[in-house]
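The residues making up each chain are set out below.
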Amino acid sequence: MKYEQLDVWQRAFKLATDSYRYLKYCKDYGFKDQLCRSAVSVPSNIAEGWERYSQQEKFRFLSIAKGSCGELKTQLMIAVEIEYIGSSVGQAAISKAEEISKMLGGLMKKVKTRNSKLETRNWNVMIENELLKADIEEYLKQHENKELLRFITCGSVDDGKSTLIGRLLHDSKMIFEDQLAAIKNDSKRFNTTDGEIDLALLVDGLQSEREQGITIDVAYRYFATDKRKFIIADTPGHEQYTRNMATGASTADLAIILIDARYGVQTQTRRHSFIASLLGLSNVIVAINKMDLMDFSEDVFEDIKKQYMSLAESLELKNIQFAPISALKGDNVVTRSEQSPWYHGETLMEMLENTPIAESFNYEDFRLPVQYVNRPNLDFRGFAGTIAAGIVRVGDELTVLPSGQSSKVKEIVTYDGNIPEAHAAMSVTLTLEDEIDISRGDVLVHSNNQAEVASDLEVNVIWMAEQAMTPNKQYDFKFASKTTPGAFSNIDYTLDVNTMAHGEAVHLKLNEIARCQLSLNNQIAFDNYKKVKGTGSFIIIDRLTNVTVGAGMIVKKGATAAKVSGGNISEFEIEFNALVRKHFPHWEAKDISGLFK
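In this report, the structure presented in the accompanying data block is examined.

Calculation rules
- Residues numbered from 1 in each chain as written.
- Predicted model: local features only at pLDDT ≥ 70, side-chain atom pairs only at ≥ 80, totals over all residues.
- Heavy atoms only, no water.
- Helix = DSSP H or I, 4+ residues; strand = E, 2+ residues; numbered from the N terminus.
- Buried < 20%, exposed > 50% of the residue type's maximum accessible area, 1.4 Å probe, protein only.
- Contact = heavy atoms within 4.5 Å.
- Salt bridge = Lys/Arg side-chain N within 4 Å of Asp/Glu carboxyl O.
- Phe/Tyr/Trp six-rings, centres within 6.5 Å; stacked < 30°, edge-to-face > 60°.
- Core = buried A, V, L, I, M, F, W, Y, C linked by side-chain atoms within 4.5 Å.
- Expected span 1.5 Å × (residues − 1).
- 1 Å grid on protein atoms, 1.4 Å probe; cavity = no way out; pocket = protein on both sides within 12 Å on 5 of 7 lines; lining within 4 Å.
- Points joined across faces, edges and corners; volume = space filled by probe spheres on them.
- Nonpolar A, V, L, I, M, F, W, Y, C, P; charged D, E, K, R; others polar.

1. Considerations on the overall build of the protein chain
If you tally the helices and strands in the protein chain, you get 16 helices and 23 strands. Every one of the 597 residues in the protein chain was classed for burial, and the buried ones make up 48%. Put simply, of all contacts in the protein chain between residues at least 6 apart along the chain, 71% involve residues at least 24 apart.

2. Observations concerning the pattern of salt bridges
With the rule as written, the count across this model stands at nine salt bridges. A salt bridge links Arg 336 to Glu 350; its shortest N-O distance comes to 3.6 Å. Placement of the pair is Arg 336 in the loop between strand E6 (319-324) and helix H14 (348-354) and Glu 350 in helix H14, with a sequence separation of 14 residues. Looking at Arg 336, the relative accessible area reads 43%, which means it is partly exposed. Its salt-bridge partner being Asp 542, residue Lys 473 comes within 3.8 Å of it at the nearest N-O pair. Here Lys 473 is found in the loop between strand E17 (452-463) and strand E18 (474-479), whereas its partner Asp 542 is found in the loop between strand E22 (537-541) and strand E23 (548-557), with 69 residues between them in sequence. Overall, Asp 542 belongs to the buried group, its relative accessible area being 9%. Salt bridges here are not isolated pairs; linked through shared partners, they connect Asp 260, Arg 262 and Lys 290.

3. Describing the packing of aromatic side chains
Within a pair of aromatic rings, the relevant descriptors are the distance that separates the centres and the angle that separates the planes. A full pass over the atoms with the stated rule returns eleven aromatic pairs. Note on Phe 301 and Trp 342: the rings are 5.4 Å apart at their centroids and 45° apart in plane angle, and the pair reads as tilted. Highlighted residues: Phe 301 in helix H13 (residues 298-312) and Trp 342 in the loop between E6 and H14, separated in sequence by 41 residues. The same class applies to Phe 301 and to Trp 342, which are both buried. With a centroid separation of 5.4 Å and 80° between ring planes, the pair formed by Phe 477 and Phe 488 is classed as edge-to-face. With Phe 477 in strand E18 and Phe 488 in strand E19 (residues 482-495), this residue pair connects regions lying eleven residues apart in the sequence. Each of the two residues, Phe 477 as well as Phe 488, counts as buried. An aromatic cluster of three or more residues is present, and its members are Trp 463, Tyr 475, Phe 477, Phe 479, Phe 488 and Phe 538.

4. Topic: the environment of Leu 508
Inspection of the secondary structure puts Leu 508 in the loop between strand E20 (502-503) and strand E21 (513-526). Sequence-wise, Leu 508 and Ala 465 are 43 residues apart; in three dimensions their C-alpha atoms are separated by 9.5 Å. In contact with Leu 508, other than residues within four places in its own chain, are Val 461, Trp 463, Ala 468, Met 469, Ile 491, Thr 494 and Ala 514.

5. Examining the nonpolar core
Across soluble globular proteins, nonpolar side chains have a tendency to be buried as a group. Grouped together as the largest cluster of nonpolar side chains are 65 residues, with contacts concentrated most on Phe 151, Ile 152, Ile 256, Tyr 308 and Leu 352. What Leu 352 contacts, discounting residues up to four positions off in sequence, is Leu 149, Phe 151, Leu 168, Arg 228, Phe 230, Leu 254, Ile 256 and Ile 285.

6. Section: helix H12 (residues 267-278)
Spanning twelve residues, H12 covers 16 Å between terminal C-alpha atoms, matching the ideal 16 Å at 1.5 Å per step. The element H12 is extensively covered by neighbouring structure, given that ten of its twelve residues are classed as buried. Listed as buried for H12 are Gln 268, Thr 269, Arg 271, His 272, Ser 273, Phe 274, Ile 275, Ala 276, Ser 277 and Leu 278. Of the residues trailing H12, Gly 280 is marked for its positive phi of about 80°.

7. Side note on empty space enclosed by the protein
Counted by the stated rule, this structure contains two cavities of 30 Å³ or more. What lines the largest cavity is a set of 14 residues, and nearest its centre among them are Gly 441, Val 443, Phe 479, Lys 482 and Ala 525. Counting residues per element, the lining of the largest cavity draws most heavily on E21, which supplies three residues. Class assignment for the residues of the lining of the largest cavity results in eight nonpolar, four polar and two charged. Here the second largest cavity is characterised by a volume of approximately 40 Å³. In terms of lining residues, the second largest cavity is bounded by Arg 150, Phe 151, Tyr 220, Ile 231, Ala 233, Gly 248, Thr 251 and Ala 252. Elements supplying a minimum of two residues to the lining of the second largest cavity: strand E1 (147-155) and strand E3 (228-234). Residue classes in the lining of the second largest cavity are distributed as five nonpolar, two polar and one charged.

In structure tokens:
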């Protein structure tokens, strides 16, 4: 007898699909997520329990199924009580839930066959397909409104970063059957996990990665749960690939830092934690992996937790969570493990779903780097771009930087039509009441809350090229939508990420981090990186090869005055500089007349 033939399962499945349809009455997206999760768990738990246990142990899954039905019933009652959905719809749903609860009590009497062999199904997909048939628009709307979380996995070599991502994809039912079959064959071929399936091969796709069992390049993977959509960046652990880790972290909202339970905090753990802090990642999950090799010892977990908290004291990491896991076995990754009864916290997946990410956006300081001036006809002139921070409304007074001209917002235009206001991360086109000179690279800000403007900056730099950085050599610097030439006038100090000690340097080598003075040929509008990432960061481009050789975070205005020897400029030099700027503007020479006033 198959579970699909059970009357109780059929009723549970209908309740689940009905619950999805009820979501059209629901205006609270957080509640929608809870309702979806509850609805899916009913038929899923019934079928999984039926499959997992022998005939004599069937009673063990009855409590699971009862709990699921009870949870769904409770959620629907809450929905009716606070008027998320109509009372008549809610009462109908509760009646169905009560019927199923009664059916569960007599389930054992209906079982007549033993050792039934059942098929495994992806319940989320099955129920979503049912909803897809019923209401395609509602289905698409649910997925469109899901929150997106970008996160990276980092840590030392062989801490299990790729295996963890493979486990998340596997246990979230995001792997196709042909992919799984290919991974099983490759696991036997490379034999990196002693005969078990090597889930790391899902993300380590390069031949050299599979041969060596390491991660070299950043690999991006996508998956979704009922609550959120996720983009994962699997970053390498080797020190020589630190630049790849920094690249993945630059767009992330959260970092999962893996620590091998056998070795504790390592050098790369410190390095990656510091880079995560430097790049403004306030949300960190410390996943203490391979706990199965340490018999899930609570003492080991607490000792490593103490080690990391000692490290975190010197870093600006605001929200740190810890989880004891086994990525290879799946303990505490998606499902709670029976091996760690002393651990009462959330699983790793629950942490990913529940960590607040709204704080990652700055909604106070409006910044819009202009990417494109849209002029389709004589009657329209709009300034398009992605809002880096803040909120803008029709009628707001804006100032253009660095020119300083001002006007008011006339319209906020989007693909779906005009809107009264827009916020960070939205791509919009603004039209202004006055015709003023605005071009690509300018930044629109509120007149009463402006960014700073300067050509000399104090910055933190991560160098990513084999060829060392040389002060006073000309590079191109790309700030949001503006690119300008410039040079590093001085390296203030390098930073040892292991000891946090400052050192002196004449050149900046691969993977080194330093505080530098940057002198640009043009003024730019900027913010401190920790205040607004979009206007506080930049990349460094080699002017000959056009290769990105470094990344930087702005700290504040630079100290320009005393770096030039002597501090005096002759009148001839000032006149000659003015002549060059007038007749050879394409040289982009800098005005030196006001440097030493």
